[in-house]
Amino acid sequence: MTPGNGSLVTEFILVGLTDRPDLQLPLFFLFSVMYMVTVLGNLGLITLIGLNSHLHTPMYIFLFNLSFIDLCYSSVFTPKMLTNFLSKKNIISYVGCMTHLYFFCFFVISECYVLTSMAYDRYVAICNPLLYNVAMSPKVCSGLMLGSYLMAFSGATAHAGCMLRLTFCDANTINHYLCDILPVLQLSCTSTYINELVIFVVVGINIIVPSLTIFVSYSFILSSIIHISSMGGRSKAFSTCGSHIIAVSLFFGSGAIMYLKPSSAVSMDEGKISSVFYTNVVPMMNPLVYSLRNKDVKITLRKTLRSRKF
C-alpha cells in the first residue's frame, strides 16, 4: 500500500502528549502502569466470563465484548505511545498511521454500540423482567453484537476511505500522540470539506443515536425504580446501573467534546486531554468499575482463585 491520491508524504512525525523533555519519563511510567492495569483487568474479565458458564448471560456477554474492545483499542496505539516517550523522533509510516486510524475508529464506534446494548439490557431487566428471557434471547444478543461491529466497520471504512483520498504534501508533523482524524486532517494540502462533512454525519450518528437510546432507556429505568416500594429493591436496581452510567458519561462526554465542535473551536492540546479519557482512562476504569461493583463477579473470582489452588 502506498500513499493515496499522489501524496508526497511517506511517514508522519507524532508530537506526542507533550514536547517537554522533563515530563517524558514520568509520563512513560504513568501510562505504562495504566496500560498494565488495562490489559490485566480486561483479560481477567474475559477469562473469568469465558471460564464460568453461569456468567454466560446477556449482561456478561456484553461485558465480555466490552472488555475485548477496550483491550484491543487501547493496544492499537498505547505501545507506540510508550515507545515515543523514550524516542527522540517519533516516526510512524503513512501505512501505519492509516491502519492506526482505521482500527481506532472501528473499536471506538464498537464501544458506543456495546454500551448502548448494555443500557437496553438493563432496561429490559428492570422494566420488563418477565419478558427478559424472550427480549434478550441468544439470537437477540448475537444480533446486537453483530450490529455493533457492522456499524463500526461502516464508520471506520468511511473515515479511512475519506482520509486516503487526501493529498499530504510537505507538512507531516501530527500534533497528537496517535493518528486521530482531526490532527491528520490539518496536514492535508487539499480540501477537507468532504472529510469534515463525513465526520459530522458519522460521529453525529454514532454519538447521538446511542446517547438518545441510553437516555430513553434510563428514563424508563428511573421511572420504574421510583415505583419500587422497598428500599432494598431500589438500592439493588441503582447499583446494577451505576457502573454503566459512570462508563457512559466518561466515554460519550469526552468523545462529544472532541468531535462535535468545529475543528477551529478545539485546540489540539484540549483534544489530547479529551482523548486521554476515552483512550486510556475509560479502558482502564471499565473492568475495575464493573468488577468491584459487581457481586457476582467478585464471588466468581474468589471461587475461581480457590479452585486453581487445589
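Remember, predicted model here, so these are calculated numbers, not experimental data.

Conventions we followed
Residues numbered from 1 in each chain as written. Predicted model: local features only at pLDDT ≥ 70, side-chain atom pairs only at ≥ 80, totals over all residues. Heavy atoms only, no water. Core = buried A, V, L, I, M, F, W, Y, C linked by side-chain atoms within 4.5 Å. Buried < 20%, exposed > 50% of the residue type's maximum accessible area, 1.4 Å probe, protein only. Helix = DSSP H or I, 4+ residues; strand = E, 2+ residues; numbered from the N terminus. Contact = heavy atoms within 4.5 Å. Axes fitted to C-alpha atoms, helices over the stretch in contact; angles between N-to-C directions. Parallel < 35°, antiparallel > 145°, perpendicular 65-115°, else oblique. Left-handed = near helix turned anticlockwise from the far one by under 90°. Nonpolar A, V, L, I, M, F, W, Y, C, P; charged D, E, K, R; others polar. UniProt positions renumbered as here; feature names shortened; annotations may be inferred. Pairing = 2+ DSSP bridges. Expected span 1.5 Å × (residues − 1). Phe/Tyr/Trp six-rings, centres within 6.5 Å; stacked < 30°, edge-to-face > 60°. Bend = angle between axes of the 7 residues up to and from the residue. Disulfide = S-S within 2.5 Å.

Topic: the nonpolar core
The biggest cluster of nonpolar side chains holds 84 residues, and the ones touching the most others in it are Phe 12, Tyr 73, Leu 115, Met 163, Phe 168 and Phe 251. Per-element tally for this core: the top contributor is helix H3 (residues 94-127), with 19 residues. Other than its neighbours up to four places away in sequence, Met 163 contacts Met 98, Leu 101, Phe 168, Ile 181, Val 184, Leu 185 and Asn 195.

Some thoughts on the packing of helix H2 (residues 58-86) against H3
Interhelical geometry of H2 versus H3 gives an angle of 160° and a closest axis separation of 9 Å. Overall, the two elements H2 and H3 adopt an arrangement that is roughly antiparallel. Once H2 is placed against H3, the crossing between them reads as left-handed. Residue composition of the contact of H2 with H3, grouped by class: 17 nonpolar, three polar and five charged.

Looking at the UniProt feature "transmembrane region" (unreviewed entry) in the protein chain
Within this structure's numbering, the places UniProt gives as "transmembrane region" (unreviewed entry) are residues 27-48, 60-79, 91-109, 197-225, 237-260 and 272-292. Measuring from the first to the last C-alpha atom of residues 60-79 gives 28 Å, for a span that is 100% helix and 0% strand. The distance from the first to the last C-alpha atom of residues 91-109 is 26 Å, and the span holds 84% helix and 16% strand.

Here we look at the sheet that holds strand S1 (residues 11-14)
To summarise the sheet geometry, strands pair through backbone hydrogen bonds and adopt either a parallel or an antiparallel arrangement. Strand order across the open sheet formed by three strands is S2-S1-S3, with mixed pairing between neighbours. Each end of this open sheet is capped by a strand with a single partner; those strands are strand S2 (91-93) and strand S3 (173-174). The sheet contacts of H3 involve S1, S2 and S3, and relative to S2 the element is tilted by about 85°.

Some points on helix H5 (residues 138-164)
Because an α-helix packs 3.6 residues into every turn, residues spaced three or four apart end up facing the same way. With 27 residues, H5 extends 38 Å between its outermost C-alpha atoms, agreeing within 8% with the 39 Å of an ideal straight helix rising 1.5 Å per residue. For H5, the complete set of buried residues consists of Cys 141, Met 145, Ser 148, Ala 152, Gly 155, Ala 156, His 159, Ala 160, Cys 162 and Met 163.

Some details on the packing of aromatic side chains
All chains considered together, the criterion is met by 14 aromatic pairs. A centroid spacing of 5.8 Å and a plane angle of 55° characterise the contact between Tyr 123 and Phe 220, whose relative ring orientation is tilted. Placement of the pair is Tyr 123 in helix H3 and Phe 220 in helix H7 (residues 193-226), with a sequence separation of 97 residues. The class for Tyr 123 is partly exposed, based on a relative accessible area of 21%.

Some thoughts on H7
Between its first and last C-alpha, H7 extends 48 Å over 34 residues, near the 50 Å set by a 1.5 Å rise per residue. Where H7 bends most, at Gly 204, the angle is about 25°.

Focus: the state of the cysteines
Throughout the structure, instances matching the rule amount to two disulfides. Between the sulfur atoms of Cys 97 and its disulfide partner Cys 179 the distance amounts to 2.1 Å. Handedness here is read from the sign of the S-S torsion; for Cys 97 and Cys 179, about -125°, the answer is left-handed. You can see Cys 97 sitting in helix H3 and its partner Cys 179 sitting in the loop between S3 and helix H6 (181-185), a full 82 residues away along the chain. Considered together, Cys 97 and Cys 179 belong to a single accessibility category, that of buried residues. Cys 169 shares a disulfide with Cys 189; S-S distance 1.9 Å. Judged by the torsion about the S-S bond (65°), the Cys 169/Cys 189 disulfide is right-handed. Here Cys 169 is found in the loop between H5 and S3, whereas its partner Cys 189 is found in the loop between H6 and H7, with 20 residues between them in sequence. Accessibility expressed as a relative area gives 40% for Cys 189, which makes it partly exposed.

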